[in-house]
Amino acid sequence: MDTTLVFPIIPASAKSLWVLAIIALVLLLGAALLGYLAWSTRHVTCTVSHEGLRIQGDLYGRLIPLRSLQLEKAVVTNLRQDKEHQAKWRTNGTGLPGYASGWFKLRNGEKALLFVTDPTRVARIPTTEGYSVMLSVSEPAALIDALKRQNGP
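Residues numbered from 1 in each chain as written. Predicted model: local features only at pLDDT ≥ 70, side-chain atom pairs only at ≥ 80, totals over all residues. Heavy atoms only, no water.

*Asks:* So what exactly am I meant to see when it comes to the overall build of the chain here?
*Replies:* Scanning the chain for helices and strands turns up 2 helices and 9 strands. Taken from N to C terminus, the helices and strands of the chain fall in the order α-β-β-β-β-β-β-β-β-β-α. Its C-alpha radius of gyration of 24 Å places the chain more than 25% over the 15 Å reference for a compact globule of 153 residues. Principal-axis analysis of the C-alpha atoms gives the chain an extent of 100 × 35 × 25 Å. A buried classification covers 33% of the 153 residues belonging to the chain. Distance between charge centroids for the chain: 3 Å, based on 17 positive and 11 negative side chains. (Helix = DSSP H or I, 4+ residues; strand = E, 2+ residues; numbered from the N terminus. Rg over C-alpha atoms; globule rule 2.2 N^0.38 Å. Buried < 20%, exposed > 50% of the residue type's maximum accessible area, 1.4 Å probe, protein only. Lys, Arg positive; Asp, Glu negative; His and termini not counted. Charge placed at Lys NZ, Arg CZ, Asp CG, Glu CD.)

The following block contains the structure:
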């Protein structure tokens, strides 16, 4: 007489379910962050006002007060030719092909807050806070001029 006997395994404790739930939550949050980063690569804006330069639509966006901007040193640059101001190390930011945002160390050793999508059209604006802001905008010279007009004579 050939009988088959089944012996069930004792169910795992609730701890294993909690571990799986935590892993799933971390993965979902990571996917949400990646989705936001993908969205922000196309939706970052900068606004000039009497308060200063406001950068929005990215994790590293902020308001930089006019008094902190060294507008007399602001220039339009092409990073393909301006080797010394190219990003060398990302210290805290997003570095994707065609999109650099966040904190970077430049080849000349300077610290910079980058929002660069087109390296050929960049407004580079030094600050009194020990870093430069570098922004790819369609008209970098117009951005610098608008900041100078807000700053007054």
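Additional details are given in the paragraphs that follow.
*Asks:* Help me understand the pairing of strand 9 (residues 132-136), please; the structure alone is not making it clear to me.
*Replies:* Along any regular strand, the residues point their side chains to alternate faces of the sheet. Counting buried residues in strand 9 gives 5 out of 5 residues, a clear majority hidden from the surface. Bridge count for strand 7 (residues 111-116) against strand 9 is 4 bridges, and the pairing is parallel. Bridge pairing links Leu114 to Met134 in strand 9. Between strand 8 (residues 122-126) and the antiparallel strand that follows it, strand 9, lie 5 residues; Gly130 among them carries a positive phi value of about 90°. (Pairing = 2+ DSSP bridges.)

*Asks:* Got a minute to help me understand the UniProt feature "transmembrane region" (unreviewed entry) in the chain in this structure?
*Replies:* With numbering matched to this structure, UniProt assigns "transmembrane region" (unreviewed entry) to residues 17-39. Structurally, residues 17-39 is divided into 100% helix and 0% strand, and its ends, taken at the C-alpha atoms, are 33 Å apart. (UniProt positions renumbered as here; feature names shortened; annotations may be inferred.)

*Asks:* Teacher, can you tell me more about the sheet that holds strand 1 (residues 45-48) here?
*Replies:* Picture the strands of a sheet paired through backbone hydrogen bonds; they go either parallel or antiparallel. What the 3 strands build is an open sheet, ordered 1-2-3; its pairing is antiparallel. On the outer flanks of this sheet lie strand 1 and strand 3 (62-65), each paired with one strand and no other. Put simply, the sheet's adjacent strands are angled 15° from each other on average, direction ignored. Across the sheet, helix 2 (residues 140-151) lies against strand 1 and strand 2 (52-56), angled at about 30° from strand 1, the strand it touches most. (Axes fitted to C-alpha atoms, helices over the stretch in contact; angles between N-to-C directions. Contact = heavy atoms within 4.5 Å.)

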